[in-house]
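# Examination of the molecular architecture
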Amino acid sequence: MIRFLLAAFFVFFYSFYSFALQYSFGTKIGGHRVATALELGIRKSFIDFQFDFKKREPRNLVDMSEGDLYLEMFKKSLLPGYIVFEATSYPYYHLGTYLHEDHTSFYDHFTLFDLSETLNLIRVTAGGEEKPYVFSLFFGEVIPFSRVVGTTDIKKKDQVGYALSGWIIDYSNRREQNFFSRQDNWFDVLYKVKGSKTFQDETISWRFEIGPMFHDNREFIDAVTLFLMREHQFNKKADKTGNFFWTDVRYQYQWHIASSDYRSPLNIFTLQKIEAYKFFPKIYTGFMLGFRYDRFRAYDASDNFVKYNGEYSVYLAPTFVF
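Source: prediction; values computed, not measured.

Reading the values: rules and limits
Residues numbered from 1 in each chain as written. Predicted model: local features only at pLDDT ≥ 70, side-chain atom pairs only at ≥ 80, totals over all residues. Heavy atoms only, no water. Core = buried A, V, L, I, M, F, W, Y, C linked by side-chain atoms within 4.5 Å. Buried < 20%, exposed > 50% of the residue type's maximum accessible area, 1.4 Å probe, protein only. Helix = DSSP H or I, 4+ residues; strand = E, 2+ residues; numbered from the N terminus. Contact = heavy atoms within 4.5 Å. Salt bridge = Lys/Arg side-chain N within 4 Å of Asp/Glu carboxyl O. pLDDT = per-residue confidence, 0-100. Phe/Tyr/Trp six-rings, centres within 6.5 Å; stacked < 30°, edge-to-face > 60°. Lys NZ or Arg CZ within 6 Å of the ring centre and 35° of its normal.

Counting eight residues, the largest nonpolar core is built from Leu69, Met73, Ile143, Phe145, Ala163, Tyr191, Val193 and Trp206. When residues of this core are traced back to their parent elements, those giving at least two are α2 (66-77), β6 (133-146) and β8 (180-199). Setting aside residues no more than four positions away along its own chain, Val193 makes contact with Tyr70, Met73, Leu164, Ser165, Trp206, Arg207 and Phe208. Formed by seven residues, the second largest nonpolar core is a distinct cluster that contains Val84, Phe138, Val142 and Leu190.

Inspection of every chain in the model, using the stated rule, returns four salt bridges. With a shortest N-O distance of 2.8 Å, Glu209 and Arg207 are connected by a salt bridge. Taking the relative accessible area as the measure of exposure, Glu209 reaches 7% and is therefore buried. For Arg207, a relative accessible area of 24% puts it in the partly exposed group. Across the pair Arg250 and Glu231 runs a salt bridge, and its minimum N-O distance is 3.5 Å.

We now examine the confidence of the model for the protein chain. Interpretation of this model should avoid reading the predicted coordinates in detail wherever pLDDT is low. Looking at the protein chain, pLDDT values average 77 and 73% of them are 70 or higher. At the level of individual helices and strands, the protein chain shows its lowest average pLDDT in helix α1 (residues 2-16), which scores 53, and its highest in strand β5 (residues 82-89), which scores 93. Of the regions scoring below 50 in pLDDT, residues 153-157 engages in eight contacts with residues more than four places distant in sequence or in other chains.

A few words on the packing of aromatic side chains. Both the distance between ring centres and the angle between the ring planes are used here to describe each pair of aromatic rings. The full count for this structure, using the stated rule, is seven aromatic pairs. Between Phe51 and Phe85, the ring centres sit 6.1 Å apart and the planes meet at 80°, which makes this aromatic pair edge-to-face. Taken together, the positions of Phe51 in strand β3 (residues 45-52) and Phe85 in strand β5 put the pair 34 residues apart, joining distant regions of the chain. Residue classification places Phe51 among the partly exposed residues on the basis of a relative accessible area of 27%. Cluster of aromatic residues (ring-pair linked, three or more members): Phe74, Trp167 and Tyr191. When the ring centre of Trp186 is taken as reference, the NZ or CZ atom of Arg175 above it lies at 4.3 Å.

Here's what the structure looks like:
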């Protein structure tokens with residue numbers, strides 16, 4: 001009972017402090033914008049450096065259809081004017097992998113019903129990522145949005161969102177899969193579309209990525225990756241409309257298809273209800289639910305290929321928003 005209470009407190013502590021400290025700074029050099037952003041969080045931390053080589057004014061989002069927006073983003077990304085260098089880490093997932101591999105007895109304290117590979121509280125709350133850290137280079141275009149309707153008092157220069165599109169290269173020398181860390185010099189080359197727009201008291205965000213991924217560790221399978229994400233969130237004080245599964249919710253899906261046999265080595269689906277219930281004044285709570293399937297090659301002691309292993313994982317964690 002004591003071990004269970006300690007485990008529950010540990011998981012609640014890390015889930016409760018899912019918010020992050022954020023800092024950003026920007027200036028202009030020679031008429032071009034240079035900026036940096038820093039975010040320190042338990043689930044995700046990153047630092048980036050942004051270089052914008054073009055002068056831009058926000059586009060009126062009302063005058064652009066969604067199809068015209070994507071077409072313009074694609075055309076502009078062919079002549080990149082926006083570059084971002086970024087380093088990202090996932091501390092909580094890395095901690096879970098470290099405990100699973102190097103402190104097994106402590107990790108097992110968080111297991112329910114002796115199901116360490118499915119109902120361990122660290123596993124179900126920390127899962128979902130597959131890399132301890134990654135370095136990224138993005139080059140493409142960005143379109144800032146404005147919102148002007150009739151004689152509104154919102155000036156055209158006021159930005160209410162953005163969209164970017166272009167190419168991103170990710171690299172790291174480690175991979176973490178199903179809470180095991182492996183040496184792997186891997187990189188991917190992705191075409192990326194990402195954006196966010198705010199209307200009055202609600203924000204909609206989206207992200208799309210597609211491209212090949214390469215590994216030097218034979219356990220992992222070279223593949224083409226597809227990533228889709230859509231998020232809808234109301235301001236905490238807003239009067240919300242819409243159904244339970246379409247408002248204040250984030251959907252995310254990642255799929256890999258192997259370049260060798262066209263079978264899928266990875267499937268991840270995540271649903272996060274962002275502000276589902278009012279918990280205390282100014283504090284809202286929800287949940288994150290996810291499913292994951294991994295497929296990788298297994299070798300024997302003589303370094304001979306044996307078989308493909310497939311593993312399933314389920315993730316569940318509370319979410320708190322201030």
